[in-house]
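# Reading the structure
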Amino acid sequence: MCQLHTGHKNKTVWIVVGVAGGAVLLAIALLLWWWLLAKRPSAIDSFNKITANWQGKTIALFLDYDGTLAPKVDNPDEAYMSSEMREVVQELASLCATSVVSGRARDKAESFVMIENLHYAGSHGAEIKLIDETEAYEPARKYVPVINQARERLEEAIKEIKGASIEHKKFGISVHYRCVEEEEQELVKKLAKQTIKGFSELTVTKGDKVVEVRPKAEFNKGFAVKYILEQLARKNNWDSSQVVAIFIGDDKTDEDAFKVLWKRVGGLGILVNKKRKWTKASYSLEDPAQVQKFLQMLLSWKKKAEAEV
Ligand SMILES: O=P(O)(O)OC[C@H]1O[C@H](O[C@H]2O[C@H](CO)[C@@H](O)[C@H](O)[C@H]2O)[C@H](O)[C@@H](O)[C@@H]1O
């Protein structure tokens, strides 16, 4: 009788411990989820805090193009940046090492930005050209034939879908579906994924209303940021601990760069997005108009800092 009573008590204790443990784990998971999805503080409101210990530091600025320097539009060939944005980026580039790191083909990004004293990384980092170099660094050259083959198959696969289009880059393919009827958008994604399954060297990533096809090779926007920083440090004898690296971007592929800067002392990721979103960026800006405002603040701060030296 007594033994039965003790057994019952033990069972109750285990149930209580189990429920309490479960509740604690759930609370931790919820907190983690909330933190990961938390909207990052505004980089404009936090500007003084961000720049508080930047005096005397070297600034390396990395800018995404679509959705960051230029607003998103239906036709990728009409994604222009404003002349005011161009002016501020150009002025900043004369004071800080500035790079455009885009998912676009490098020559396309250059033709939209139209600023000479910038470093350019195109095709999500598969083609990088520093200002003073004549040759681009292209870690995925050997994949060009397979990309061309895949592009032909993709064109065939989506040709009947109204509004779907293919953007060809030397080192990748973008399958756009922004102008496809809502109910057919899933089909475009599915067809693109199915077609690429036949190419073991290629992979697919998601973007904003676009499926990005690229080689499985070791490159992305994070590698591009690291590569440019290393090259600039070597060429300019930078003390890397004194370099602040800022990346501003809006899309999934920009997370590779945010991840690199998250781990780096003196790294600052700024996500351009109005919504609560999973990100490795530390701050946020709502849209290209706010990006322009932030860049103007950075320019004024930099000019003042130079004058004080
Ligand atoms: O890394 P980014 O410079 O942001 O480039 C990412 C992709 O941007 C472009 O597509 C996006 O912008 C278009 C124009 O606003 C829009 O029509 C499309 O729906 C967006 O996905 C570009 O066309 C792609 O090549 C880039 O990979």
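Above this note sits the structure.
Please read these numbers as outputs of a predicted model, since none were measured by experiment.

Rules and cut-offs
Residues numbered from 1 in each chain as written. Predicted model: local features only at pLDDT ≥ 70, side-chain atom pairs only at ≥ 80, totals over all residues. Heavy atoms only, no water. Salt bridge = Lys/Arg side-chain N within 4 Å of Asp/Glu carboxyl O. Helix = DSSP H or I, 4+ residues; strand = E, 2+ residues; numbered from the N terminus. Buried < 20%, exposed > 50% of the residue type's maximum accessible area, 1.4 Å probe, protein only. Contact = heavy atoms within 4.5 Å. Phe/Tyr/Trp six-rings, centres within 6.5 Å; stacked < 30°, edge-to-face > 60°.

## Let's talk about the pattern of salt bridges
- All told, the structure shown has 24 salt bridges when counted by the stated rule.
- Of the charged contacts, one joins Asp287 and Lys274 as a salt bridge, the two residues approaching to 3.9 Å between their closest N and O atoms. Here the residue Asp287 occupies a position in the loop between strand E11 (283–285) and helix H9 (288–308), and Lys274 occupies one in the loop between strand E10 (267–272) and E11, the gap between them amounting to 13 residues.
- Overall, the relative accessible area of 52% leaves Lys274 in the exposed class.

## So, helix H3 (residues 83–93)
- Regarding H3, the residues found buried are Met85, Arg86, Val88, Val89, Leu92 and Ala93.
- Here the buried face of H3 lies against strand E1 (58–63), strand E2 (97–101), helix H4 (106–113) and H9.

## Concerning the packing of aromatic side chains
- All chains considered together, the criterion is met by 6 aromatic pairs.
- Centre to centre, the rings of Phe47 and Phe294 are 5.7 Å apart; their planes meet at 75 degrees, and the pair counts as edge-to-face. Taken together, the residues Phe47 in helix H2 (residues 47–51) and Phe294 in helix H9 connect sequence positions 247 residues apart.
- Looking at Phe294, the relative accessible area reads 0%, which means it is buried.
- For the pair Phe247 and Phe258, a centre-to-centre distance of 5.7 Å together with 90 degrees between the ring planes defines the contact as edge-to-face. Residue Phe247 is found in strand E9 (residues 243–249), and its partner Phe258 is found in helix H8 (residues 255–263); the two are separated by 11 residues along the sequence. Pair check on accessibility: Phe247 and Phe258 agree, each one buried.
- Taken together, the aromatic side chains of Tyr65, Tyr80 and Phe112 make up a single cluster linked through ring pairs.

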